[in-house]
Amino acid sequence: MLESSKKNYLKNFNFWTFVILLILSILSYTFKGNLRMDVVQGISSIILYPVEKTITFTKNIFYVYRKNIELSREIATISLEIQRCANIKKENRILRELYGYKPMNDFYLIPCEIIGKSPGLHNRSIIIDGGLEDGIEKNMPVVSTRGLVGKIIETTQKTSELLTLYNRNSFISAVDLRSRVQGIVNWQGGRFLILEDVPLHSDIKVEDTLLTSGMGGVFPKGIFIGKVIKVEESPKEIVMKIGIEPFVNFSLLEDVFVLTESMTSPLMEIITPDTSNAIMVQLDIFETIKNPQNFGSSLLNNLMTQ
Amino acid sequence: MRVTLVFLLMFIFVALQISLSPLISIKEIAPNLILIFVFFIAFSFGQTYGIWTGFFSGFLCDTFNSTYFGLNMALFLIIGFIIGTLKVKFYRDNLFIQVIIFAITLLLYEIIYTILLWQFSVGIFFVNILRYSIPQVFYSTLISLFIFSLLRKIPLFATNH
């Protein structure tokens, strides 16, 4: 009798606990915009940061040798490319001055390592090992040597969460490098991104390259996003259906750079985690990113000259 | 003692899922380690453990994806509660049954998650289910076989403990 009533009590207690926690979860989901996510993430990152860092460190040890060989090969190729680009860069600078164009904003690059990816297949976000301590703030654009990765959506003291292109909430204003046709890059499931809001019969072809247009104020103009892989026109629709393959391979991504706008220096700086050891790098993002490879090459070139 | 171990393992599983999933993923499909753990705990120790492990695992999971904060918290909680209730109805020593129920649970989780995320866009829903969810169910189920066997070896998690 006593055993049975105890069992019933526990059953009832569990049920009401479940109901209360479920309501709490639903409320969190509904009012997530009003929650102090930085505080919530701060707590969990304090607990999980050491574990994640250890796992990432161990994982990286196995990659160092392979990565070293890959990078040595890449540096050799890039060195040749740099010599060719140096002249073009000079010419570009002179021409800009001749045309009286306003000098473009310069940026700092904060190198960060990826320490985690949010679980689940859909709407992935990435956790990086740079936070408020390194000068990273919300809405800062994030790039890799191949092109645009996303933007920062949450920051804690040591870590930040970034919203990648493969997220339903990611909308990026883009422009076609060849025809200057504009649209919005979004992800709607599947392997490829979609370029939306492009009117029918616009001049967009397969293999065209898409860059950020600079509209919206988050992403600076001229960062490479991806290339067009599919163009569909239907007379029933008023817009074209365009498939985009991003330049960045998100499954192989290990390191990223957070872009922060420079206020005073005309140079682009790479800030190491210890900001006092900032490496000065002469890099104009808009002039050097003529293609995704150039971005990496300019970066490496400047690093090598240090 | 068991509670401490469950909490410790929960943190390890969440950290492993976040840090290791890119490493063990095949064509961008990674096993859902957190769900494997929540399922194991709920199936082995019942409702009370299921509810709290589900809730806290979901919470930790959601802190790394703030755009959908609360979604995993609710889904893992529901799974913890339901599987915890089912515990008494199945013979928990049968690994085969455990794995079958896990595969069904994961498939249902994937379907509900996709419906909530894509808000009933039929085309995208089916593409995601076929392209991601079903392969993930197979992959996770395979991994769960190994994890379940491993977790059963822990003396505190043994049946007769």
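Calculation criteria
Residues numbered from 1 in each chain as written. Chains lettered and ligands numbered in written order. Predicted model: local features only at pLDDT ≥ 70, side-chain atom pairs only at ≥ 80, totals over all residues. Heavy atoms only, no water. Buried < 20%, exposed > 50% of the residue type's maximum accessible area, 1.4 Å probe, protein only. Helix = DSSP H or I, 4+ residues; strand = E, 2+ residues; numbered from the N terminus. Polar contact = N/O pair within 3.5 Å; in protein donor to acceptor, adjacent residues only side chain to side chain. Axes fitted to C-alpha atoms, helices over the stretch in contact; angles between N-to-C directions. Parallel < 35°, antiparallel > 145°, perpendicular 65-115°, else oblique. Left-handed = near helix turned anticlockwise from the far one by under 90°. Contact = heavy atoms within 4.5 Å. Core = buried A, V, L, I, M, F, W, Y, C linked by side-chain atoms within 4.5 Å. Domains from an automatic or database assignment. pLDDT = per-residue confidence, 0-100. Buried area = accessible area lost by both parts, 1.4 Å probe. Salt bridge = Lys/Arg side-chain N within 4 Å of Asp/Glu carboxyl O. Nonpolar A, V, L, I, M, F, W, Y, C, P; charged D, E, K, R; others polar. Pairing = 2+ DSSP bridges.

So, unusual backbone geometry
All names here are of chain A.
Logical step 1: In this model, Asn-139 sits at a positive phi of 70 degrees, which is unusual for a non-glycine residue.
Logical step 2: On the basis of relative accessible area, Asn-139 is assigned to the partly exposed category, the value being 40%.
Logical step 3: Although it is not a glycine, Glu-207 adopts a positive phi angle of roughly 85 degrees.
Logical step 4: Looking at the element boundaries, Glu-207 is found in the loop between β8 (193-196) and β9 (209-212).

Side note on the environment of Thr-54 of chain A
Residue and element names in this part refer to chain A.
Logical step 1: If you trace the backbone, Thr-54 turns up in helix α2 (residues 37-99).
Logical step 2: The partly exposed category is assigned to Thr-54, whose relative accessible area is 47%.
Logical step 3: Measuring from C-alpha to C-alpha, the distance between Thr-54 and Ile-115 comes to 9.6 Å, with 61 residues separating the pair along the chain.

A few points about the side chain of Asp-176 of chain A
Logical step 1: Tracing the backbone shows Asp-176 of chain A in strand β6 (residues 172-176).
Logical step 2: A distance of 3.3 Å separates a polar side-chain atom of Asp-176 of chain A from the backbone nitrogen of Ser-179 of chain A.

Some remarks on the packing of helix α2 (residues 33-45) of chain B against helix α4 (residues 71-86) of chain B
Residue and element names in this part refer to chain B.
Logical step 1: Axis separation between α2 and α4 bottoms out at 8 Å; the angle between their running directions is 30 degrees. Relative to α4, α2 is oriented roughly parallel. In the packing of α2 onto α4, the handedness of the crossing is right-handed. On α4, the residues that touch Ile-34, Leu-35, Val-38, Phe-39, Ala-42 and Phe-43 of α2 are Phe-76, Ile-79, Gly-80, Ile-83 and Gly-84.

A closer look at the nonpolar core
Logical step 1: In this structure, Ile-128, Leu-195, Val-256 and Val-258 of chain A are the most contacted members of the largest nonpolar core, which totals 88 residues.
Logical step 2: Top element by residues in this core is α2 of chain B. It accounts for twelve residues.
Logical step 3: Residue assignment places this core across two domains, with domain 2 (39-165 + 250-305) and domain 3 (174-211 + 227-243) of chain A each supplying three or more.
Logical step 4: Excluding anything up to four places from it in sequence, Val-258 of chain A contacts Tyr-108, Leu-109, Ile-110, Cys-112, Ile-128, Ile-136, Met-140, Pro-141, Val-142 and Ile-152 of chain A.
Logical step 5: Listed in part, the ten residues of the second largest apolar core include Leu-21 and Leu-22 of chain A together with Phe-55 and Phe-81 of chain B.

A look at the confidence of the model for chain B
Regions with low pLDDT should not have their predicted coordinates read in detail.
Logical step 1: Residue-level pLDDT values for chain B average 83, and 90% of them are 70 or greater.
Logical step 2: Taken element by element, chain B is modelled with least confidence in helix α1 (residues 2-24) of chain B, mean pLDDT 82, and with most confidence in α2 of chain B, mean pLDDT 90.

Topic: the interface of chain A and chain B
Accessible area lost during the coming together of the parts is what is often quoted as the interface size.
Logical step 1: With 49 residues of chain A in contact, the opposing surface of chain B contributes 48 residues.
Logical step 2: Both faces combined, the contact of chain A with chain B buries some 4500 Å², and carbon together with sulfur accounts for 68% of it.
Logical step 3: Our count for the chain A to chain B interface comes out at zero salt bridges.
Logical step 4: The interface formed by chain A and chain B contains three residue pairs in polar contact (both at pLDDT 80 or more).
Logical step 5: Those elements giving two or more residues to the side of chain A that touches chain B turn out to be α1 (2-30), α2, β1 (107-117), β2 (125-128), β4 (148-155) and β5 (160-164) of chain A.
Logical step 6: Per-element tally for the side of chain A that touches chain B: the top contributor is α1 of chain A, with twelve residues.
Logical step 7: Residue classes in the side of chain A that touches chain B are distributed as 22 nonpolar, 17 polar and ten charged.

Examining the pairing of β5 of chain A
Residue and element names in this part refer to chain A.
Logical step 1: Of all five residues in β5, five are buried; the element is thus mostly enclosed.
Logical step 2: Burial of the side chains of β5 extends over both faces: Ser-160, Leu-162 and Thr-164 are buried on one face and Glu-161 and Leu-163 on the other.
Logical step 3: Summarising the sheet, β2 and β5 pair through four bridges and their orientation is antiparallel. Bridging from a neighbouring strand, Ile-126 pairs with Leu-162 of β5.

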